[in-house]
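Structural overview for review
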Amino acid sequence: MSRIIVVTSGKGGVGKTTVTANLGMALAKLGRRVALVDADFGLRNLDLLLGLENRVVYTAIEVMAGQCRLDQALVKDKRQEGLVLLPAAQSRTKEAVSPLQMKKLVTVLAQKYQYILVDSPAGIEMGFRNAIVAASEALIVTTPEIAAVRDADRVVGLLEAQGIKRLRLIVNRLKPAMVQADQMMSVQDVQEILAIPLIGVIPDDERILVSTNRGEPLVLEEKLSIPGIAVNNIARRLEGEKVPFLDLMAEHDNLLNRIRRLFRG
Ligand code: ADP
Ligand code: MG
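Just so we're clear, the structure is a prediction, and the values are computed from it rather than from any experiment.

1. Observations regarding the overall build of the protein chain
Each helix and strand in the protein chain was counted, giving twelve helices and eight strands. Taken against the 2.2 N^0.38 rule, which gives 18 Å for 265 residues, the C-alpha radius of gyration of the protein chain at 18 Å falls within 12% of a compact globule. Seen through its C-alpha atoms, the protein chain measures out along the principal axes to roughly 70 × 40 × 35 Å. Looking at the protein chain as a whole, 52% of its 265 residues are labelled buried. The long-range fraction of contacts in the protein chain, counting pairs at least 24 apart against all pairs at least 6 apart in sequence, stands at 75%.

Okay, here's the thing in structure tokens:
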């Protein structure tokens, strides 16, 4: 049975594409066959984050128009066998694709891949409908900010209305120091508002930005860093494993203590 999961948020810039790229890699590393679908036809960048942009020949648009076969458009990752990307075209208008076409495409992918992760665009327009049309599960990504959480809440309502019942929350870009200083919502705050099960918390970390800008998702590292572990844990939880949540607040305290010791000693 394959799982079709949309990665969505409402608000732009909260980390959907980053999560899709890293999580896809992590699942492939666990030995799964994974197809990543870029449903952001306005602003494609999943190919960039994966470092696959130079290998894109055809996109979903040509497949839908019957100008190439689906397997011709799929870009295979050379680092992780089992991972493929279906790129989006950025040149045409978003309306060039209909939810029905999208559903067909994803359904064909589902015959061959165990996970289909669909990276959705910001907003709740046509692009969003395209992204969710075939999904039976959703990962809601939000940062711990009022505006992002409010948009995520709207999206939760829309997904539920669409009959997508398996919703899981990812809190991205958490800054433990700010939470401690009462300057940022805590994970609990976000969870209370959205009232959907939490599947992962990813700290705000430069390494995520640097690695994805380089086209080398963090989970590819030999020895995983904290943000890499956080993403990897999400993959394992998707697989049904019970993985305790990282205590990011404690990690922060540890760091502070180390610095203090350094000054004292
Ligand atoms: P979206 O797809 O939701 O618009 P992106 O994945 O493109 O968001 O991320 C927006 C920006 O935030 C990117 O520059 C990305 O590198 C950065 N970013 C995402 N997650 C993190 C994180 N945990 N720590 C630091 N930067 C992050
Ligand atoms: Mg994006």
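2. Some remarks on the environment of Leu74
Looking at the secondary structure, you find Leu74 in the loop between α4 (70–73) and β3 (75–76). Using a relative accessible area of 13% as the deciding quantity, one classes Leu74 as buried. Ignoring sequence-local partners within four residues, the contact set of Leu74 consists of Val84, Leu85, Leu86, Leu109 and Tyr113.

3. A short note on a nonpolar patch on the surface
Judged by side-chain polarity, Leu255, Ile259, Leu262 and Phe263 come together as a nonpolar surface patch covering roughly 470 Å² of accessible area. Checked against the element boundaries, Phe263 lands in helix α12 (residues 248–264). Look at Phe263 and you get exposed, because its relative accessible area is 71%.

4. Some details on the layout of surface pockets
Approximately 540 Å³ is the volume attributed to the largest pocket. Lining the largest pocket are 26 residues, and of these Gly13, Val14, Gly15, Lys16 and Thr18 sit closest to its centre. Taken together, the elements giving at least two residues each to the lining of the largest pocket come down to α1 (16–29), β7 (166–174) and α10 (206–213). It is α10 that contributes the most residues to the lining of the largest pocket, five residues altogether. Split into classes, the residues belonging to the lining of the largest pocket amount to eight nonpolar, eleven polar and seven charged. Space inside the second largest pocket adds up to approximately 290 Å³.

Here is what the cut-offs are and how they apply
- Residues numbered from 1 in each chain as written.
- Chains lettered and ligands numbered in written order.
- Predicted model: local features only at pLDDT ≥ 70, side-chain atom pairs only at ≥ 80, totals over all residues.
- Heavy atoms only, no water.
- Helix = DSSP H or I, 4+ residues; strand = E, 2+ residues; numbered from the N terminus.
- Rg over C-alpha atoms; globule rule 2.2 N^0.38 Å.
- Buried < 20%, exposed > 50% of the residue type's maximum accessible area, 1.4 Å probe, protein only.
- Contact = heavy atoms within 4.5 Å.
- Patch = residues over 30% accessible without salt bridge, like charges linked within 9 Å, V, L, I, M, F, W, Y side chains within 5 Å.
- Areas by Shrake-Rupley, 256 points an atom, 1.4 Å probe, with all protein chains shown as cover.
- Salt bridge = Lys/Arg side-chain N within 4 Å of Asp/Glu carboxyl O.
- 1 Å grid on protein atoms, 1.4 Å probe; cavity = no way out; pocket = protein on both sides within 12 Å on 5 of 7 lines; lining within 4 Å.
- Points joined across faces, edges and corners; volume = space filled by probe spheres on them.
- Nonpolar A, V, L, I, M, F, W, Y, C, P; charged D, E, K, R; others polar.

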